[in-house]
Amino acid sequence: MTPHLPADADGATVKAADRAHVFHSWSAQALIDPLAVAGAEGSYFWDYDGRRYLDFSSQLVNTNIGHQHPKVVAAIQEQAGRLCTLAPGFAVDVRSEAARLIAERTPGDLDKVFFTNGGAEAVENAVRMARLHTGRQKVLSAYRSYHGATAAAINLTGDPRRWPSDTGSAGVVHFWGPFLYRSPFHAATEAEECERALAHLADTIAFEGPASIAAIILETVPGTAGIMVPPAGYLAGVRELCDRYGIVFILDEVMAGFGRTGRWFAAEHWGVTPDLITFAKGVNSGYVPLGGVAISAAIAETFATRPYPGGLTYSGHPLACAAAVATIRTMEEEDVVGHAAHLGRHVIGPALAEIAERHPSVGDVRGLGAFWAVELVRDRETREPLVPYNASGADHAPMAEFAAACKASGLWPFVNMNRVHVVPPCTVTEAEAKEGLALLDEALTVADRHTASA
């Protein structure tokens, strides 16, 4: 693939305008140096010098169908020529079809879809629905989690991005989810981790007062927090606790959904049906902003004759829904979900296991489909992370050096804390995946220099 460069712009001009006017998220504005991107296609994007990067981040783990898929681009163009926008109160063919296609793929009776502009808004509305449905206020969420940056979503989030905005009065209680590699329960096996994590959650519910709890929200497979695949039986155990106490069970599939784990929704791996599912990102690969909540019959019935007090000007935006329809149909036609499952079982998983054997900096490898994490450590025996929790500045230098090595080789990584996440588009070819894994293997020699054995 030869990068095609725009004739009427240059990287320096784009960068200068960005630095003059764009305020970037999660950043100290004077300390960042954004790459000026000229184009993208498939599993790659490139800068204005024609330097190409293999996108092992899927941007923010959302371009599940790759960059610039022609079928999705054509659908957006066709919809723009026919009907660009319409308020959410109207019935629109493409909106109805997007909802139908999503409902066909959700588990159980989650047959109604409330559209939002993204994942955080989906979480906001799911929590609102749960509170109104139950008449309760408290919501439980895991410490190792990310649910978005809006008011309720950031309080539900477990990672340090919550801290500056946490009011401490948002009705949120955090608990420890299962994670055997760094078990807070001193478990030795997945079965022990599952049993002890469920006992901890049951105790949390008991001490918080079951009758005060509206919902428990979990990422089916936590994403940014570390891609910790839950042990067998855990999600079913949470479902049972929710049923026992009349608590709404919300699964956040914003990152894990739409093929990322090798299933349409990650919940399918464990045969669990929640009351609400939040989604975004992969529903249309982020080509036009779209998210939503898939709603069970019981919760939908709550608002059959009682107005739901929530809405968005761009809920179910026609361009976004056209992108979703085209994405879902294309994923079906091209078996993108099956391909992601194949990649996990036969390409990414085995290659990462081999890489782990070669590098003392690799402490743990885990994942499903096209959704993997490599945990980097200073010492395999003690499992000391390569950098401290929430490290910055000089403390973060080893991970910064590793990320720089990846980019210098043409691999764009997803790096968070002491981990690199292997999250290419679900359409990445075997050859491209192997190319990226070889570049990752090489870059890990930089991380190895910071280990106890170096």
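First, a word on what this report is: a plain description of the structure on this page. Since this is a predicted model, take the numbers as computed values, not measurements.

Some thoughts on the packing of helix α7 (residues 190-208) against helix α8 (residues 234-245)
At step 1: Closest axis-to-axis distance for the α7/α8 pair is 10 Å, and the angle between their directions is 20°. As judged from the angle between their axes, α7 and α8 are roughly parallel. In this structure, α7 crosses over α8, and the sense of that crossing is right-handed. Judged by residue contacts, C194, A197, L198, L201, A202 and I205 of α7 engage Y234, G237, V238, L241 and Y245 from α8.
At step 2: The class makeup of the residues in the contact of α7 with α8 is 10 nonpolar, 1 polar and no charged.

A short note on the sheet that holds strand β10 (residues 291-295)
At step 1: Reading across the sheet, the 7 strands line up as β4-β10-β9-β8-β7-β5-β6 and stay open at both edges, with mixed pairing between neighbours. This sheet does not close on itself; its edge strands, each paired only once, are β4 (112-116) and β6 (172-175). With direction set aside, neighbouring strand axes in the sheet form an average angle of 20°.
At step 2: In this fold α7 packs onto β5 (138-142), β6 and β7 (213-219), with an angle of close to 155° to the strand it touches most, β6.

Points about the pairing of strand β9 (residues 276-279)
At step 1: Along β9, one buried face is formed by L276 and T278 and the opposite face, lined by I277 and F279, is buried too.
At step 2: Pairing geometry for strand β8 (residues 248-252) and β9, over 3 bridges, is parallel. Following the sheet pairing, I250 is matched in β9 by L276.
At step 3: As paired strands, β9 and β10 are joined by 4 bridges and run antiparallel to one another. In the strand pairing of β10, F279 is matched with G292.

Details of the side chain of E219
At step 1: Looking at the secondary structure, you find E219 in strand β7.
At step 2: In this structure E219 is buried but unpaired, with R161 as the nearest side chain of opposite charge at 8.2 Å.
At step 3: Looking at E219, its side chain comes within polar contact range of the main-chain nitrogen of Y146, at 3.0 Å.
At step 4: The contact partners of E219, leaving out residues within four places of it in the chain, are R144, S145, Y146, H147 and D252.

Thresholds applied
Residues numbered from 1 in each chain as written. Predicted model: local features only at pLDDT ≥ 70, side-chain atom pairs only at ≥ 80, totals over all residues. Heavy atoms only, no water. Axes fitted to C-alpha atoms, helices over the stretch in contact; angles between N-to-C directions. Helix = DSSP H or I, 4+ residues; strand = E, 2+ residues; numbered from the N terminus. Parallel < 35°, antiparallel > 145°, perpendicular 65-115°, else oblique. Left-handed = near helix turned anticlockwise from the far one by under 90°. Contact = heavy atoms within 4.5 Å. Nonpolar A, V, L, I, M, F, W, Y, C, P; charged D, E, K, R; others polar. Pairing = 2+ DSSP bridges. Buried < 20%, exposed > 50% of the residue type's maximum accessible area, 1.4 Å probe, protein only. Lys, Arg positive; Asp, Glu negative; His and termini not counted. Salt bridge = Lys/Arg side-chain N within 4 Å of Asp/Glu carboxyl O. Polar contact = N/O pair within 3.5 Å; in protein donor to acceptor, adjacent residues only side chain to side chain.

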